[in-house]
Amino acid sequence: MASGNEEQKIESGSNVVPQTKPKKDWILLSLRVVTFFATVSATIVMSLNKQTKNFVVATIGTTPITVPLTAKFQHTPAFVYFVVANGIVSVHNLVMIAMDILGHKFHNRGLQLALIAVLDTMALALASSGDGAATAMAELGRNGNSHAKWNKICDNFEAYCNRGGGALIASFIGLILLLIVTVMSINKLLKLNRN
Amino acid sequence: MAKTSRICHILLRFLAFSATLSAVIVMVSSHERATFFNVSFEAKYTTSPALKYFVIANSVVTVYGFLVLFLPAESLLWRLVVAMDMVLTMLLISSLSAALAIAQVAKQGNNSAAWLPICGSVPKFCNHITGSLIASFIGVIIYMILLLHSIHSVLDPLLLKKT
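Per-chain numbering applies: the sequence of each chain, read as written, is numbered from 1 onward. Going through the entries in the order they are written, you letter the chains from A and number the ligands from 1. Thresholds applied to this predicted model are a pLDDT of at least 70 for local features of residues and 80 or more for the giving and counting of side-chain atom pairs; totals over whole chains, interfaces and linings are not thresholded and use all residues. Working from all heavy atoms in the structure, the side-chain values ignore hydrogens and water.

### Some thoughts on the overall build of chain B
Note on conventions: DSSP H or I runs of at least 4 residues are helices, E runs of at least 2 residues are strands, and numbering of each starts at the N terminus. When you go through chain B residue by residue, the secondary structure sums to four helices and two strands. Taken from the N to the C terminus, the helices and strands of chain B come in the order α-β-β-α-α-α. Just to be clear, the radius of gyration here is over C-alpha atoms, and the globule rule we use is 2.2 Å times residues to the power 0.38. Here the C-alpha radius of gyration of chain B, 19 Å, is well above what a compact globule of 163 residues would show, namely 15 Å. In terms of overall dimensions, chain B has C-alpha extents of about 70 × 30 × 20 Å along its principal axes. Buried residues are those whose accessible area, probed at 1.4 Å on protein chains only, stays under 20% of the maximum for their type, while exposed residues exceed 50% and partly exposed ones sit between those limits. Counting across all 163 residues of chain B, residues that qualify as buried make up 47%. For this analysis, residues touch if any pair of their heavy atoms sits within 4.5 Å. Contacts in chain B between residues far apart in sequence, at least 24 positions, make up 75% of those at least 6 positions apart. For accessible areas, the Shrake-Rupley method is used with a probe of radius 1.4 Å. Any residue's cover is judged against the shown protein chains and nothing else. As presented, chain B carries roughly 8,600 Å² of accessible surface, and 72% of it is formed by carbon and sulfur atoms. Charged side chains in chain B number 11 positive and 5 negative. The centres of these two groups are separated by 2 Å. In this tally, Asp and Glu contribute negative charge and Lys and Arg positive charge; neither His nor the terminal groups of the chain are included. The atoms used to mark charge sites are NZ of Lys, CZ of Arg, CG of Asp and CD of Glu.

So this is what it looks like as structure tokens:
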């Protein structure tokens with residue numbers, strides 16, 4: 001009986017080894033999902049930004065001649081860059097979310113998280129540059145520049161400007177959230193390195 | 001080894017400080033007077049809000065870079081330096097891209113919006129702005145390198161522990 005007890009004790013001792021599974025960070029994951037949605041919506045809204053309007057150019061006799069003018073986002077290189085940059089950042093966010101959900105098979109946690117920090121910093125740089133360029137062009141479109149004789153276009157194309165502004169706001173939200181996510185993932189690296 | 005790394009770090013920070021300082025100085029000192037069709041206008045950096053934002057952002061980063069040069073090696077403020085590095089690099093990058101967008105319109109115009117390029121009338125002003133943008137671009141690259149290096153040194157416990 002005593003040997004049976006000992007056998008049982010050894011068995012239970014080997015079964016009770018605790019499995020150190022890393023706790024899933026739900027806050028980081030949900031912030032990344034919100035950032036992904038923000039940048040994707042900025043990309044889509046800006047890439048579908050188009051407005052056509054008829055303008056009276058001249059009048060022959062009594063009939064006015066109208067010319068349809070279109071405002072598209074492709075006319076401005078800064079907006080094209082904005083769409084491209086936000087597209088790349090949303091792809092980056094998608095890859096990060098996928099790695100977060102499916103990436104528990106990697107064993108080299110240090111290298112993986114260092115790579116995440118570096119890639120997050122580069123995505124931050126890309127997103128902030130896209131935002132800066134698009135904001136400058138949107139400000140120019142709304143206010144014009146009297147010194148350079150550049151007329152404002154937002155009084156004629158209201159819907160185009162409003163949609164562009166909406167895309168810009170979504171992109172700024174994505175940028176701030178991306179900054180928070182980058183800081184949090186670097187913090188995670190710090191905590192892991194200390195243990 | 002830590003000493004050469006620190007010397008390299010200080011040298012990079014000094015380079016970045018001088019790059020952003022020269023960007024500010026060149027942009028502020030750029031003005032040219034041009035007349036066409038009996039209308040004389042002066043091209044200065046204050047005529048465009050994007051260029052004003054560029055000057056403000058670069059001067060903030062210059063002051064910050066100057067202050068960080070004098071931070072002792074084992075101070076606890078290096079964590080704050082990493083955080084401020086990240087935020088100020090983001091600021092610098094966005095200001096550079098805003099100024100680049102305006103400069104591109106000034107150089108090539110925008111046919112669809114009937115915006116004529118003005119670089120033909122004020123070539124010296126445009127060259128000044130180009131030089132300032134190049135200096136700020138060098139500063140941005142150095143700050144990105146410094147940011148990655150700061151993150152690496154914060155994660156590497158050997159560089160922060162008091163030896």
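### Some remarks on the overall build of chain A
What chain A contains, in helices and strands, is five helices and two strands. Reading chain A from its N terminus to its C terminus gives the helix and strand order α-α-β-β-α-α-α. Within chain A, the fraction of its 195 residues that count as buried is 39%. When contacts within chain A are restricted to residue pairs at least 6 apart in sequence, long-range pairs at least 24 apart make up 73% of them. Surface exposure of chain A reaches about 11,400 Å², of which carbon and sulfur atoms provide 66%.

### Considerations on helix 3 (residues 78-108) of chain B
Taking 1.5 Å per residue, 31 residues should reach 45 Å; helix 3 of chain B reaches 44 Å between its end C-alpha atoms and fits that length. Directly beyond the C-terminal end of helix 3 of chain B, a positive phi value near 70 degrees is found at Gly109(B). Given the number of residues in a helix, its expected span is that number minus one, multiplied by 1.5 Å.

### Examining the packing of aromatic side chains
Pairing of aromatic side chains requires ring centres within 6.5 Å, counting the rings of Phe and Tyr and the six-membered ring of Trp. Pairs whose planes differ by under 30 degrees are stacked, by over 60 edge-to-face, and all others tilted. Summed over the entire model, instances satisfying the criterion amount to six aromatic pairs over all chains. Pairing Phe55(A) with Phe157(A) gives two aromatic rings, centres 5.8 Å apart and planes at 65 degrees, and the pair type is edge-to-face. Of this pair, Phe55(A) sits in strand 1 (residues 50-60) while Phe157(A) is found in the loop between helix 4 (109-143) and helix 5 (158-194), placing the two residues 102 residues apart along the sequence. These aromatic residues form a ring-pair network of at least three members: Phe14(B), Phe17(B), Phe66(B) and Phe70(B).

### Description of the interface of chain A and chain B
On the chain B side, the residues contacting the 34 residues of chain A number 32 residues. A simple way to read buried area is as the amount of 1.4 Å-probe accessible surface that goes missing from two parts once joined, with both sides added. For the pair chain A and chain B, the summed buried surface comes to about 2,800 Å²; carbon and sulfur atoms form 76% of the total. Ranking the residues of chain A by area buried against chain B places Thr121(A), His147(A) and Trp150(A) at the top, with a combined share of 21%. For this analysis, a polar contact is any N or O atom pair within 3.5 Å, provided that within protein one partner can donate a hydrogen and the other can accept it, and provided that sequence-adjacent residues contribute only side-chain to side-chain pairs. The interface formed by chain A and chain B includes five residue pairs in polar contact (both at pLDDT 80 or more). Top element by residues in the side of chain A that touches chain B is helix 4 of chain A. It accounts for 14 residues. Class assignment for the residues of the side of chain A that touches chain B results in 19 nonpolar, twelve polar and three charged. Only Asp, Glu, Lys and Arg are considered charged in this grouping, and only Ala, Val, Leu, Ile, Met, Phe, Trp, Tyr, Cys and Pro are considered nonpolar; every other residue, Gly among them, is considered polar.

### Examining the state of the cysteines
Note on terminology: pairs of cysteine sulfur atoms within 2.5 Å are recorded as disulfides. Considering all chains together, one arrives at two disulfides over all chains under this definition. Bridging Cys154(A) to Cys161(A), the disulfide has an S-S length of 1.8 Å. On the sign convention where negative means left-handed, the S-S torsion of about -90 degrees between Cys154(A) and Cys161(A) marks this disulfide as left-handed. Considered together, Cys154(A) and Cys161(A) belong to a single accessibility category, that of buried residues. Residue Cys119(B) pairs covalently with Cys126(B) via a disulfide, S to S 1.7 Å. Here Cys119(B) and Cys126(B) share a disulfide; its torsion about the S-S bond, -95 degrees, makes the bridge left-handed. Residue Cys119(B) is classed as buried on the basis of its relative accessible area, which comes to 12%.

### Side note on the nonpolar core
We define a nonpolar core as any set of buried Ala, Val, Leu, Ile, Met, Phe, Trp, Tyr and Cys residues linked to one another through side-chain atoms lying within 4.5 Å. Among the nonpolar cores identified, the biggest contains 62 residues, and Met137(A) and Trp150(A) are the most heavily contacted of them. For this core, the element with the highest residue contribution is helix 3 of chain B, accounting for twelve residues. The residues touching Met137(A), leaving out its near neighbours within four places in the chain, are Thr76(A), Ala78(A), Phe79(A), Ala101(B), Val105(B) and Trp115(B). Judged by nonpolar contacts, the second largest core, of 18 residues, contains Leu113(A), Leu124(A), Ala127(A) and Met86(B).

### Some words on the confidence of the model for chain B
All names here are of chain B. pLDDT is a per-residue confidence score from the predictor, ranging from 0 to 100. For chain B, mean pLDDT is 85; residues scoring 70 or higher make up 91% of the total. Mean pLDDT per element in chain B: strand 1 (residues 32-36) is the minimum at 75, and helix 2 (residues 49-68) is the maximum at 94. Segment residues 157-163 is flagged for pLDDT under 50; beyond a separation of four residues in sequence, or across chains, it makes eight contacts in the model. This prediction of the complex comes with two scores: 0.85 for pTM and 0.86 for ipTM.

### Observations concerning the packing of helix 1 (residues 2-28) of chain B against helix 3 of chain B
All names here are of chain B. The axes used here are C-alpha line fits, helices contributing only the stretch in contact, and every angle between their N-to-C directions lies in the interval 0 to 180 degrees. Following both chains from N to C, one finds helix 1 and helix 3 inclined at 35 degrees, their axes separated by 15 Å at the closest point. Crossing of helix 1 against helix 3: the hand is left-handed. Contacts from Arg 6, His 9, Arg 13 and Thr 20 of helix 1 reach helix 3 at Trp 78, Val 81, Asp 85 and Leu 92. Its residues placed into classes, the contact of helix 1 with helix 3 shows three nonpolar, two polar and three charged. Each crossing is labelled by how the near helix is turned from the far one, with a counterclockwise turn of less than a right angle marking it left-handed and a clockwise turn marking it right-handed.

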